[in-house]
Amino acid sequence: MEKRRTVPVKLDVDSHSAALLEDTVDEFLWAANYVTRHAFEGDFVTTSKTTLHDDTYEDVREETPLHSNHVQAARNKAADAAKSVLAKWKRGKKASMPYFTSPHLVYDHRTATFHDDYVSLATVDGRIEADYVLPDEERETPHAEYFFSEEYETTGAELHYTNGNWMLHIHCKTDVESDTPEQETTENRTVLGVDLGVTNLAVASTGTFWTGEEFDHWRREYENRRGDLQEHGTRWAHENIQSVGRKEEGRFKLTLHRISNELVAEARENECSVIAFEDLTDIRERTGASWGHKWAFNRLYEYIEYKAEEYDINVEQVDPENTSRRCSECGFTHPDNRESEDFECLKCGYENHADYNAAKNIGLRYLRRTQTGAGGGAPVGVRLNSGTVNANGAYDPPADSVGQSGSPR
Ligand SMILES: [Zn+2]
């Protein structure tokens, strides 16, 4: 089977080349939107690349000066987006015709040539060349590991224009041995990272929070009543403690069942093949959680494990070390990055809710763990509140929301 990686590389683009790239991007987006409109015409959505090719190729070639492979890439983009909308409709979700506005352009081997220090890219008017701007320390960067590795072959790239920079997301692949044919069909598998805690019982890497308020309320109520009864010290009181206990336990379980259902639904809606938690063994020491919380975390894990099984979703635990202190954006780890609910990276300035940052780290840790091994059926990305991020930190927006504004982080 093939193992694929995406490496983000910044490009040094002069103003003349930048103008040509901008024109090419405009034409590419126009072509993708033209084909998309065609796909949504009529009574049925057309998702077949062949049909869309037959219906639109000539028109687009006539209307734009794009390289023929850019025309095909734009058509593929439209077909994939149409498919994704159709899949949502089938799941009973709302989705409308995609409209691409975010500046990007898809390259393949016919439209791009990857050299050691620079890339040559096709535009609407000949080719331009741009140097790679590589990080100083090559050590441990994905560039060194994949892009410059002889084991990896460059298959294509996506050019993005973000925050004033031209970024090339270079796709690399290598062949790895696989034991089973099922492992061949694992592209686009993603993991949902989940952080467990006291204030928020669970926070998912998709940005969904489940507060601990309800659970806390019942737990305090229960402890007060048990305290009252214990003061009596009679046999009657003892029996009552047990009955209150059973009742409360039932209530807790109901809450936890609801949360576990919602979490599994979250994973399914986001097409995740794995739900990753931190290892629960020492969770009290790490989070200051009560025994009641630990009990709740364990139940939640168990419920999710058996409910997820029905949908072929695996539930896994990862090493919890530093998941709350590590920056999910740049990897910098420091205890002062976190101050209760707020995470602010001392190195790169990334700010977000501390539990959300931890949930992303848990997903990323699972990803890195599976990708260092043979990792046959390993997921390739962590699902975020919008799009996915892979183990190299490269971000892919969801196909249907390209052009929407808003931060994926
Ligand atoms: Zn950072």
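Since the structure is predicted, the reported quantities are computational estimates derived from the model, not experimental observations. (Residues numbered from 1 in each chain as written. Predicted model: local features only at pLDDT ≥ 70, side-chain atom pairs only at ≥ 80, totals over all residues. Heavy atoms only, no water.)

### Comments concerning the layout of surface pockets
- Taken as a whole, the second largest pocket encloses approximately 380 Å³ of empty space.
- Lining the second largest pocket are 19 residues, with Arg286, Thr287, Ser324, Arg338 and Asp355 sitting closest to its centre.
- Broken down by secondary-structure element, the contributors of at least two residues to the lining of the second largest pocket are β8 (190-196) and α7 (283-287).
- Residue composition of the lining of the second largest pocket, by class: three nonpolar, nine polar and seven charged. (1 Å grid on protein atoms, 1.4 Å probe; cavity = no way out; pocket = protein on both sides within 12 Å on 5 of 7 lines; lining within 4 Å. Points joined across faces, edges and corners; volume = space filled by probe spheres on them. Helix = DSSP H or I, 4+ residues; strand = E, 2+ residues; numbered from the N terminus. Nonpolar A, V, L, I, M, F, W, Y, C, P; charged D, E, K, R; others polar.)

### A look at the packing of helix α2 (residues 49-63) against helix α3 (residues 68-90)
- The geometry of α2 relative to α3 is characterised by a closest axis approach of 10 Å and an angle of 135° between their N-to-C directions. In this view, α2 runs oblique relative to α3, as classed from their interaxial angle. Like other packed secondary-structure pairs, α2 and α3 cross with a definite hand, here right-handed. On the side of α2, the interface is formed by Lys49, Leu52, His53, Tyr57, Val60 and Arg61, while α3 contributes Ser68, Val71, Gln72, Arg75, Asn76, Ala79, Asp80 and Lys83. (Axes fitted to C-alpha atoms, helices over the stretch in contact; angles between N-to-C directions. Parallel < 35°, antiparallel > 145°, perpendicular 65-115°, else oblique. Left-handed = near helix turned anticlockwise from the far one by under 90°. Contact = heavy atoms within 4.5 Å.)

### A short note on unusual backbone geometry
- One non-glycine residue, Glu271, lies in positive phi territory at about 50°.
- Examined against the element boundaries, Glu271 turns out to sit in the loop between α6 (235-269) and β11 (272-278).
- A relative accessible area of 48% means that Glu271 is categorised as partly exposed.
- Positive phi is not limited to glycine here, since Ser340 has a value of about 40°.
- With respect to the helices and strands, the residue Ser340 is situated in the loop between β13 (338-339) and β14 (342-344). (Buried < 20%, exposed > 50% of the residue type's maximum accessible area, 1.4 Å probe, protein only.)

### What about the coordination of the zinc ion?
- Taken together, Cys327 (SG), Cys330 (SG), Cys345 (SG) and Cys348 (SG) make up the full set of protein donors to the zinc ion, lying 2.3 Å away.
- For the zinc ion, the four donor atoms are set out with angles of 107 to 112° between them, so the coordination reads as tetrahedral.
- Residue classification places Cys327 among the buried positions, given a relative accessible area of 0%. (Donors = N, O, S within 2.8 Å, 3.2 Å for Na, K, Ca; no water. Tetrahedral: all angles 85-135°; square planar, octahedral: opposite > 155°, others 65-115°.)

### Overview of helix α8 (residues 291-309)
- A rise of 1.5 Å per residue sets the reference length of α8, with its 19 residues, at 27 Å; its end C-alpha atoms lie 27 Å apart and thus fit the reference within 8%.
- The set of residues buried in α8 consists of His293, Lys294, Ala296, Phe297, Arg299, Leu300, Tyr301, Tyr303, Ile304, Lys307 and Ala308.
- A distance of 3.2 Å separates the backbone nitrogen of Gly292 from a side-chain oxygen at the start of α8, and that oxygen is part of Ser290. (Expected span 1.5 Å × (residues − 1). Polar contact = N/O pair within 3.5 Å; in protein donor to acceptor, adjacent residues only side chain to side chain.)

### Let's talk about the nonpolar core
- Residues Leu11, Leu121 and Leu159 are the most contacted members of the largest nonpolar core, which totals 46 residues.
- In terms of residue count, the dominant contributor to this core is helix α1 (residues 15-39) (ten residues).
- Residues within four places of Leu159 in sequence aside, it is in contact with Leu11, Leu21, Pro103, His104, Leu105, Tyr107, Leu121, Trp166, Met167 and Leu168.
- Residues Leu256, Tyr301, Ile304 and Ile313 belong to the second largest nonpolar core, which totals 30 residues. (Core = buried A, V, L, I, M, F, W, Y, C linked by side-chain atoms within 4.5 Å.)

### Thoughts on the side chain of Asn337
- Within the secondary structure, Asn337 is located in the loop between β12 (314-318) and β13.
- A relative accessible area of 1% places Asn337 in the buried class.
- Setting aside chain neighbours within four positions, we find Asn337 in contact with Arg325, Cys327, Phe332, Asp342, Phe343, Glu344, Cys345 and Leu346.

### Here we look at the environment of Glu344
- Here Glu344 is to be found in strand β14.
- What Glu344 contacts, discounting residues up to four positions off in sequence, is Asp336, Asn337, Gly349, Tyr350 and Glu351.

### Things to note about a negative patch on the surface
- There is a patch of like negative charges on the surface, built from Asp12, Asp14, Asp116, Asp117, Glu129 and Asp131.
- For Asp117, a relative accessible area of 55% gives the class exposed. (Patch = residues over 30% accessible without salt bridge, like charges linked within 9 Å, V, L, I, M, F, W, Y side chains within 5 Å. Areas by Shrake-Rupley, 256 points an atom, 1.4 Å probe, with all protein chains shown as cover. Salt bridge = Lys/Arg side-chain N within 4 Å of Asp/Glu carboxyl O. Lys, Arg positive; Asp, Glu negative; His and termini not counted. Charge placed at Lys NZ, Arg CZ, Asp CG, Glu CD.)

### Some details on the pattern of salt bridges
- What the rule picks out here adds up to five salt bridges.
- A salt bridge links Glu302 to Arg299; the nearest nitrogen and oxygen atoms lie 3.1 Å apart. Note that Glu302 and Arg299 are positioned in helix α8 at a spacing of three residues, about one turn of the helix.
- Relative accessible area serves as the criterion here: at 38%, Glu302 is assigned to the partly exposed category.
- For Arg299, a relative accessible area of 17% corresponds to the buried category.

### A word on the packing of aromatic side chains
- If you walk through the whole model with that rule in mind, you get six aromatic pairs.
- Ring centres of Phe343 and Tyr350 lie 6.4 Å apart, and the angle between their planes is 55°; on these two criteria the pair is classed as tilted.
- Given the relative accessible area of 1%, Phe343 is considered buried.
- Given the relative accessible area of 1%, Tyr350 is considered buried.
- Over the face of the ring belonging to Tyr311 we find Arg268, whose NZ or CZ atom lies 3.8 Å from the ring centre. (Phe/Tyr/Trp six-rings, centres within 6.5 Å; stacked < 30°, edge-to-face > 60°. Lys NZ or Arg CZ within 6 Å of the ring centre and 35° of its normal.)

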